[in-house]
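A structural walkthrough
Here is what each chain is made of, one letter per residue.
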Amino acid sequence: MKRSNMRSGAGTARTIPRIVLVSGSPRRRELLEQLGVSYTVSIPGVDESVAGPVRPTSYVRTVVRRKIMTYIERNAPSGSPTERGSRTPADEGSRPADDRTRRTLDADRDWALAADTVVALGSRIIGKPVDSADAEHILRSLSGRSHRVITALALYNPHAGSIAVKTAATRVTFGRLSEEEIEWYLRSGEWREVAGGYRIQERGSVLVRKIVGSYSNVVGLPLETFYGMVLAQGFHLFPYRE
């Protein structure tokens, strides 16, 4: 099947000039650079806590919505509402931002992309290790078992004044880790500042037996999902020739 049949309107769709990455993650920046996408960074600085027991997918969708709305509010006049209610946008579509915010954010302004990733072992959310002892506990929990890496993306389209939310999940299976492997990985320090306590794109790759799903999602940004969201809006990341 030709690519033009898979990507309708490839010759006429507009190209996004630049993305505002609402994230401080160096890994997400590297992934956008791999695509050759022009971007700038805005650090969200939001409270990522969610009250009460919550499923991993619901958690990332709640947090990513909070991140993108914080970004929009910072670009709107003080006190101007952007989105009311606690309902999270559905994965299948997008919802409009508040009219006053849509008028304030000019249609030619940059698009914005927020992301949040968690590692889930069953229904348990595994965050970033607080210290080496916590990292060791996490590695032992993951050893010889499968877990999910779940990322929620929120894409703000200034032309439509809308926010679309999608999630991606990858199943990752660890080999059974020996004491020497655990000690070696702890000494590497790669467990710091990363959900799940390992980096699949670095030394942590040898801990993994197999993955099912998006590799870039495990790194922190599911590029396939992001690209599909852009196409669904009638835009492209790259200029196409007829």
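Residues numbered from 1 in each chain as written. Predicted model: local features only at pLDDT ≥ 70, side-chain atom pairs only at ≥ 80, totals over all residues. Heavy atoms only, no water.

1. Re the overall build of the chain
The helix and strand inventory of the chain stands at eight helices and ten strands. Across the 242 residues of the chain, 48% fall into the buried class. Taking the intrachain contacts of the chain between residues at least 6 apart in sequence as the baseline, contacts between residues at least 24 apart amount to 68%. Counting every atom, the chain has about 12,200 Å² of accessible surface; 46% of that belongs to carbon and sulfur. (Helix = DSSP H or I, 4+ residues; strand = E, 2+ residues; numbered from the N terminus. Buried < 20%, exposed > 50% of the residue type's maximum accessible area, 1.4 Å probe, protein only. Contact = heavy atoms within 4.5 Å. Areas by Shrake-Rupley, 256 points an atom, 1.4 Å probe, with all protein chains shown as cover.)

2. Points about the pattern of salt bridges
Taken as a whole and assessed by the stated rule, the structure comprises seven salt bridges. Among the salt bridges present, the one from R140 reaches E136, with a minimum N-O distance of 3.0 Å. Pair noted here: R140 and E136 are both in helix 5 (residues 132–142), with a separation of four residues, about one helical turn. Its salt-bridge partner being R187, residue E183 comes within 3.2 Å of it at the nearest N-O pair. One end of the pair, E183, and the other, R187, are both in helix 6 (residues 179–188), four residues apart, so they sit about a helical turn from each other. Three or more residues joined by partner-sharing salt bridges are found here, namely E48, K67 and D116. (Salt bridge = Lys/Arg side-chain N within 4 Å of Asp/Glu carboxyl O.)

3. Digging into the nonpolar core
Core analysis: the largest hydrophobic core is formed by 42 residues, its most contacted members being F174, Y198 and F226. The leading source of residues in this core is helix 8 (residues 223–232), at six residues. If we ignore the near neighbours within four places in the chain, the residues touching F226 are I19, L32, L35, L113, L153, L155 and L237. Residues V64, I72, A120 and V165 belong to the second largest nonpolar core, which totals 20 residues. (Core = buried A, V, L, I, M, F, W, Y, C linked by side-chain atoms within 4.5 Å.)

4. Brief notes about helix 2 (residues 26–35)
Looking only at helix 2, the buried set comprises R27, R28, L31 and L32. Viewed along the axis of helix 2, the buried residues span an arc of 140°, placing them on a single side of the element. Two or three places before R27, at the opening of helix 2, S25 has a side-chain oxygen 3.2 Å from that residue's backbone nitrogen. Of the residues flanking the end of helix 2, it is G36, one or two places downstream, whose phi is positive at about 80°. (Arc of directions from axis to C-beta. Polar contact = N/O pair within 3.5 Å; in protein donor to acceptor, adjacent residues only side chain to side chain.)

5. What to know about the packing of aromatic side chains
One pass over the full model with this rule turns up three aromatic pairs. With 4.9 Å between their ring centres and 75° between their planes, F174 and Y198 make a pair best called edge-to-face. Here the residue F174 occupies a position in strand 8 (residues 162–174), and Y198 occupies one in the loop between helix 6 and strand 9 (208–212), the gap between them amounting to 24 residues. Across the pair, Y198 and F174 agree in class, each one buried. Seen from their ring centres, W184 and Y185 are 6.0 Å apart, and the 55° between their planes marks the pair as tilted. For W184, a relative accessible area of 30% corresponds to the partly exposed category. Judged by its relative accessible area of 0%, Y185 is buried. (Phe/Tyr/Trp six-rings, centres within 6.5 Å; stacked < 30°, edge-to-face > 60°.)

6. What to know about the layout of surface pockets
There is about 650 Å³ of room inside the largest pocket. Lining the largest pocket we find 33 residues, and of these R28, T117, K128, E193 and A195 sit closest to its centre. Within the residue set of the lining of the largest pocket, elements represented by two or more residues are helix 2, helix 3 (56–74), strand 5 (111–121), strand 6 (124–126) and helix 7 (215–219). (1 Å grid on protein atoms, 1.4 Å probe; cavity = no way out; pocket = protein on both sides within 12 Å on 5 of 7 lines; lining within 4 Å. Points joined across faces, edges and corners; volume = space filled by probe spheres on them.)

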